[in-house]
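What the coordinates show
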Amino acid sequence: MYPTLYHLIFDLFGIEIPFLTRFNMFGLLVALAFLGANYFFLKEILRKEKQGLIVSKEGKSTPREHVSIITLIAIVFGFLGAKIFAWLEDPVPLSEFFSDPFSGLTIYGGLITAFVAAVAYLKWQKMPLFPFMDAVAPGLMISYGIGRLGCHISGDGDWGVVNNAPTPPYLPNWLWSYNYPNNVLNEGIAVKDCIYNDFCFQLAEPVYPTPLYETFFALILFLILWRLRTRIKIAGQLFFVYLIFNGIERFFIEKIRVNSVYNIAGFSITQAEIISVLFVISGVIGFLWLKNQNQESNSNN
């Protein structure tokens, strides 16, 4: 694992550049995730502009000019939401909560608050909501995968449950169970002959490397969404498909992932499972509602 850019460079090239310890690998991958989302978001907005799917009002900013602002809004409110939802999941004293701004982030919390803030901005600017939602859907999926890769590379605790089962013959050991040596949390037992002066711990028992699984599925789902973006003609439906995909993927990965559990009406359930179920339900309802609205509109014409 590589907690910082320093550890990556030192391990690969044997070169020590102390100031690189300031660059957290998780933070760098999160930044890359936002850049990826912005790239595909802008690419889709430009396509929709060219095809007349989003029309600028005279004297108003063009749709492409809103992309950077929306991305900035998503970064700010996404970070705040990720921190707040993390605290709701695992309340700690505020002094501890704010001691490290980039630890204890909940991706779903960031996604929800960023979405609400972006919608509010689009409403304020009187821009068409559904075309923008569709345009950002593929980018959101690929950015989710990049973010999860950051979780894996840094070893930030978003791993799976203990997995001591024999590795299937068709999989490498590191993809089936992994003990996250040199993880950023310094969790577990000491690493023998550690090459670093810090971050010299690994998990006592190997676990499912769930961030890698999520990265893989996010890439597959991104490719599907990218293919569907020109085939689904009803504005807004692609975004609701994204919600369904995201919810199903996260719900099932939670079954082998470490997370805080709530006990509700005799059921043990995680915050992510609750949100993922709501995502799927919202996605199905939204997709069918838009389909019905389109059919009614066509029948009235």
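Look above for the structure.
The notes below deal with the structure included here. Every value quoted in this text rests on a predicted model; they were computed, and no experiment measured them.

A tally of helices and strands in the protein chain yields ten helices and four strands. The order of α-helices and β-strands along the protein chain, N terminus first, is α-α-α-α-α-α-α-β-β-α-α-β-β-α. Compactness check: the protein chain gives a C-alpha radius of gyration of 21 Å against a globular reference of 19 Å for 301 residues, within 12% of the reference. With the C-alpha coordinates of the protein chain rotated into their principal frame, the extents come out at 75 × 45 × 45 Å. Looking at the protein chain residue by residue over its 301 residues, the buried ones come to 45%. Counted over contacts in the protein chain with a minimum sequence separation of 6, partners at least 24 positions apart contribute 67%. Surface accessibility of the protein chain: about 16300 Å² in total, with carbon and sulfur atoms responsible for 66%.

On to the packing of helix α6 (residues 129–154) against helix α9 (residues 237–253). In the contact formed by α6 and α9, the axes pass within 7 Å of each other and the chain directions differ by 25°. Between α6 and α9, the angle is such that the two are roughly parallel. Packed against α6, whose contacting residues are Phe130, Met133, Asp134, Ala137, Pro138, Leu140, Met141, Tyr144 and Arg148, the element α9 presents Gln237, Leu238, Phe239, Phe240, Tyr242, Phe245, Asn246, Glu249 and Arg250 at the interface. Residues that form the contact of α6 with α9 fall into these classes: twelve nonpolar, two polar and four charged.

When the terminal C-alpha atoms of helix α2 (residues 25–50) are compared, their 37 Å separation across 26 residues agrees well with the 38 Å that a helix rising 1.5 Å per residue should span. Looking at where α2 begins, the residue whose side-chain oxygen comes 2.7 Å from the main-chain nitrogen of phenylalanine 26 is asparagine 24. Trailing α2 by a residue or two, glycine 52 shows a phi angle of about 75°, which is positive.

Turning our attention to the nonpolar core. Core analysis: the biggest nonpolar cluster contains 51 residues, and Phe41, Ile45, Ile70, Phe132, Met141, Phe239 and Tyr242 have the highest contact counts within it. Secondary structure elements with two or more residues in this core: α1 (5–13), α2, α3 (63–89), α5 (107–124), α6, α8 (210–228), α9 and α10 (271–300). In terms of residue count, the dominant contributor to this core is α6 (ten residues). Residue contacts for isoleucine 45: discarding those within four places in its chain leaves Ile54, Pro63, Arg64, Val67, Phe132 and Ala135. Met1, Trp159, Tyr180 and Val207 belong to the second largest nonpolar core, which has five residues in total.

A separate point is the environment of tryptophan 289. Looking at the secondary structure, you find tryptophan 289 in helix α10. Judged by relative accessible area, tryptophan 289 falls into the partly exposed class, the value being 44%. Between the alpha carbons of tryptophan 289 and threonine 71 there is a distance of 28 Å; along the sequence they are 218 residues apart.

A word on the state of the cysteines. Overall, the coordinates contain one disulfide when judged by the stated rule. With a sulfur-sulfur separation of 2.1 Å, cysteine 194 is cross-linked through a disulfide to cysteine 200. Residues cysteine 194 and cysteine 200 share a disulfide whose torsion about the S-S bond is about -75°; that sign makes it left-handed. With relative accessibility at 15%, the residue cysteine 200 sits in the buried group.

Next up on the list: unusual backbone geometry. The phi torsion at aspartate 193 lies on the positive side, around 55°, for a residue other than glycine. Note that aspartate 193 resides in the loop between β1 (189–190) and β2 (201–202). Take aspartate 193: its relative accessible area is 66%, and that puts it in the exposed class. In the Ramachandran plot, phenylalanine 199 falls in the positive-phi region, its phi being about 50° despite a non-glycine side chain. Of the residues examined, phenylalanine 199 reaches a relative accessible area of 16% and is grouped as buried.

On inspection of all chains with the given rule, the structure shows 17 aromatic pairs. The interplanar angle of 45° and the centroid separation of 5.7 Å between the aromatic rings of phenylalanine 239 and tyrosine 242 together place this pair among those described as tilted. Residue phenylalanine 239 and its partner tyrosine 242 are located together in helix α9, separated by three residues, close to a single helical turn. The same class applies to phenylalanine 239 as to tyrosine 242, namely buried. Here the aromatic residues Tyr39, Phe40, Phe222 and Trp226 are joined through ring pairs into a cluster of three or more. Over the ring of tryptophan 226 we find arginine 229, and its NZ or CZ is 3.8 Å from the ring centre.

Criteria and thresholds
Residues numbered from 1 in each chain as written. Predicted model: local features only at pLDDT ≥ 70, side-chain atom pairs only at ≥ 80, totals over all residues. Heavy atoms only, no water. Helix = DSSP H or I, 4+ residues; strand = E, 2+ residues; numbered from the N terminus. Rg over C-alpha atoms; globule rule 2.2 N^0.38 Å. Buried < 20%, exposed > 50% of the residue type's maximum accessible area, 1.4 Å probe, protein only. Contact = heavy atoms within 4.5 Å. Areas by Shrake-Rupley, 256 points an atom, 1.4 Å probe, with all protein chains shown as cover. Axes fitted to C-alpha atoms, helices over the stretch in contact; angles between N-to-C directions. Parallel < 35°, antiparallel > 145°, perpendicular 65-115°, else oblique. Nonpolar A, V, L, I, M, F, W, Y, C, P; charged D, E, K, R; others polar. Expected span 1.5 Å × (residues − 1). Polar contact = N/O pair within 3.5 Å; in protein donor to acceptor, adjacent residues only side chain to side chain. Core = buried A, V, L, I, M, F, W, Y, C linked by side-chain atoms within 4.5 Å. Disulfide = S-S within 2.5 Å. Phe/Tyr/Trp six-rings, centres within 6.5 Å; stacked < 30°, edge-to-face > 60°. Lys NZ or Arg CZ within 6 Å of the ring centre and 35° of its normal.

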